[in-house]
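Here is how the chains run, residue by residue.
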Amino acid sequence: MLATGLGPLAPQGLLDRAPAIVDVSIDNVVLPKSDPTWRFALAANPANVGLLLRLRTADGTEGIGSACEVRHIGFDLDGMRALLQAAAPVLTGADRSGDALAELDRVGGPARAILQMALLDLVARAQGVPAHQLLGPQQRTGVELIRILSLKEPEEMAAVAAGHQAEGYRHVKIKLDAAPDDIDFRRVAAIRQAVGPDFGLTVDANQSYAAADALRLCERIAELDVEVFEQPVPADDLDGLQYLTEHSPVLIEADEAANSLERVREIADRHAAHGVSLKVPKLGGIDRTMQAAAICAQAGLQVRMGAHVGSQLLNAAALQVAAVTPNLSDPSELAEYARLEDDPVTGLHITDGRLELTGQPGLGVLVTTATPSIPVDAPRKDTP
Ligand SMILES: [Mg+2]
């Protein structure tokens, strides 16, 4: 059983080091997709919806945190907001009773990630240092980026990939869905033809394959120099994942299957994957993401920084983690904020397919646009 309230980077540890918080606000963040038809095998929504948490001190110093809901792994906006609202009296010091502190400890999933981000940002800003300095020894100044391609017809996906190549990116990840007519292989082949040989390709089926079918596809896309096949089989099918890891010529990566520290440990113990996709909201925070990386390092699994779809703020936090993660493999999926609109946060800049630390205090980004509490458009569709 993993302790949740312990450690200097856990929310309670950060709160102990933070200056007094006088105001807490929780706003909805609705980020329309610049391509409203963007979809993957598990969901198709025209906008990403999440929360922005702002913690303010009397002198105006602000710590900020944000993540989007991740409904396909069980975290929706209402549940996330309720957890943060319940923790607010503890944050302002209005209530530091044992019951209230237990409330802080109950915050899990993306809500814990948001809370931890905001507290880390506040503590680092109060000290005038970039957040990564509080996380550990710096390993890198930035990351190579990979762009993710929505499910579309092969020719359309190839055109989008070529567009990213023209923008300076050197890697794309191809979403797959096991649809009929061999479309997944045709997608990969069309994209390889469009971008040429010296361009990194990975694929992600978001659980849509049975293991035997995935192996047949692996054998064919290996010929097209695909480097990684992410989450081919259902999240609960660790036997299928392990079978593929033992037989596939393409590296197998766990994403949805690695949705908690306990699952990361199980996958590492079993060597059920060659690698794990690290995501701060999925794993429930920055400290747990760093622990997951350490578990994988010990077991000889590679880790990559997975997609942090949401505000720049979320990607800025993941970049701070990347900065201190020794065993991180290129490329990182920290560019997907670039396909979302109306982000209230600014400060990150993608240059020549890379994202560099800003060098600014805290998480290195700021809220620069007002964030009224926008109603979230219902209904949002998640397709099974
Ligand atoms: Mg994935």
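Residues numbered from 1 in each chain as written. Predicted model: local features only at pLDDT ≥ 70, side-chain atom pairs only at ≥ 80, totals over all residues. Heavy atoms only, no water.

## Remarks on the sheet that holds strand E4 (residues 142–144)
- If you trace the three strands from one edge of the open sheet to the other, you get E4-E14-E13, paired in antiparallel fashion. With one partner strand each, in any of the chains shown, E4 and strand E13 (350–351) form the two edges of the open sheet.
- Where E13 and strand E14 (residues 354–356) come together, two bridges link them in antiparallel fashion. From the neighbouring strand, Ile350 faces E14, where its bridge partner is Leu355. (Pairing = 2+ DSSP bridges. Helix = DSSP H or I, 4+ residues; strand = E, 2+ residues; numbered from the N terminus.)

## Thoughts on the domain arrangement of the protein chain
- By domain assignment, the protein chain separates into domain 1 (11–129) and domain 2 (134–367).
- For domain 1 and domain 2, the distance between their C-alpha centres works out to 24 Å.
- Facing the 38 residues of domain 1 at the interface are 44 residues of domain 2.
- Summing both sides of the interface, domain 1 and domain 2 together bury roughly 3,400 Å²; the carbon and sulfur share of this comes to 64%.
- One can count two salt bridges joining domain 1 with domain 2.
- Between Lys152 and Asp35 there is a salt bridge, with the nearest N and O atoms lying 2.8 Å from each other.
- At the junction of domain 1 and domain 2, the tally comes to 13 residue pairs in polar contact (both at pLDDT 80 or more).
- Within the residue set of the side of domain 1 that touches domain 2, elements represented by two or more residues are strand E1 (21–32), strand E2 (47–57), strand E3 (62–68) and helix H4 (109–127). (Domains from an automatic or database assignment. Contact = heavy atoms within 4.5 Å. Buried area = accessible area lost by both parts, 1.4 Å probe. Salt bridge = Lys/Arg side-chain N within 4 Å of Asp/Glu carboxyl O. Polar contact = N/O pair within 3.5 Å; in protein donor to acceptor, adjacent residues only side chain to side chain.)

## Examining the coordination of the magnesium ion
- Taken together, Asp204 (OD), Glu230 (OE) and Asp255 (OD) make up the full set of protein donors to the magnesium ion, lying 2.0 to 2.4 Å away.
- Donor residues binding the magnesium ion come from one chain and are separated in sequence as D-x25-E-x24-D. Taken together, the residues Asp204 in strand E7 (residues 200–204) and Asp255 in the loop between strand E9 (251–254) and helix H10 (261–270) connect sequence positions 51 residues apart. Both residues of the pair, Asp204 and Asp255, count as buried. (Donors = N, O, S within 2.8 Å, 3.2 Å for Na, K, Ca; no water. Buried < 20%, exposed > 50% of the residue type's maximum accessible area, 1.4 Å probe, protein only.)

## Remarks on the confidence of the model for the protein chain
- Scored by pLDDT, the protein chain comes out at a mean of 93, with 95% of its residues at no less than 70.
- A low-confidence stretch, residues 1–5 stays under pLDDT 50, and its non-local contacts, those more than four residues away or across chains, total eleven contacts. (pLDDT = per-residue confidence, 0-100.)

## Considering the sheet that holds E7
- Sheet architecture is open: seven strands sit in the order E5-E6-E7-E8-E9-E10-E11, paired in parallel fashion. A single partner strand is all that each edge strand has here, and the edge strands are strand E5 (147–149) and strand E11 (302–305). Strand-to-strand, the axes of this sheet are offset by a mean angle of 30°, without reference to chain direction.
- Alignment of strand E6 (residues 171–175) against E7, held across five bridges, turns out to be parallel. Across the sheet, residue His171 finds its bridge partner in E7, namely Gly200.
- Taken strand by strand, helix H12 (residues 286–299) contacts strand E10 (275–278) and E11, and its axis lies near 170° from that of E10. (Axes fitted to C-alpha atoms, helices over the stretch in contact; angles between N-to-C directions.)

## Quick look at empty space enclosed by the protein
- In this structure the tally under the stated criterion is two cavities of 30 Å³ or more.
- Taken as a whole, the largest cavity holds about 620 Å³ of empty space.
- Lining the largest cavity are 34 residues; nearest its centre among them are Phe40, Asn48, Val70, His72 and Val309.
- At the level of secondary structure, the elements contributing two or more residues to the lining of the largest cavity comprise E2, E3, E6 and helix H11 (280–283). (1 Å grid on protein atoms, 1.4 Å probe; cavity = no way out; pocket = protein on both sides within 12 Å on 5 of 7 lines; lining within 4 Å. Points joined across faces, edges and corners; volume = space filled by probe spheres on them.)

## What to know about the packing of helix H8 (residues 211–221) against helix H9 (residues 238–247)
- Contact geometry of H8 with H9 gives a least axis separation of 9 Å together with a crossing angle of 25°. Considering the angle they form, H8 stands roughly parallel to H9. At the point where H8 passes H9, the crossing takes the right-handed sense. Residues Ala211, Ala214 and Leu215 of H8 form the contact with H9, whose own contacting residues are Gly240, Tyr243, Leu244 and His247.
- Here the contact of H8 with H9 is composed, by residue class, of five nonpolar, two polar and no charged. (Parallel < 35°, antiparallel > 145°, perpendicular 65-115°, else oblique. Left-handed = near helix turned anticlockwise from the far one by under 90°. Nonpolar A, V, L, I, M, F, W, Y, C, P; charged D, E, K, R; others polar.)

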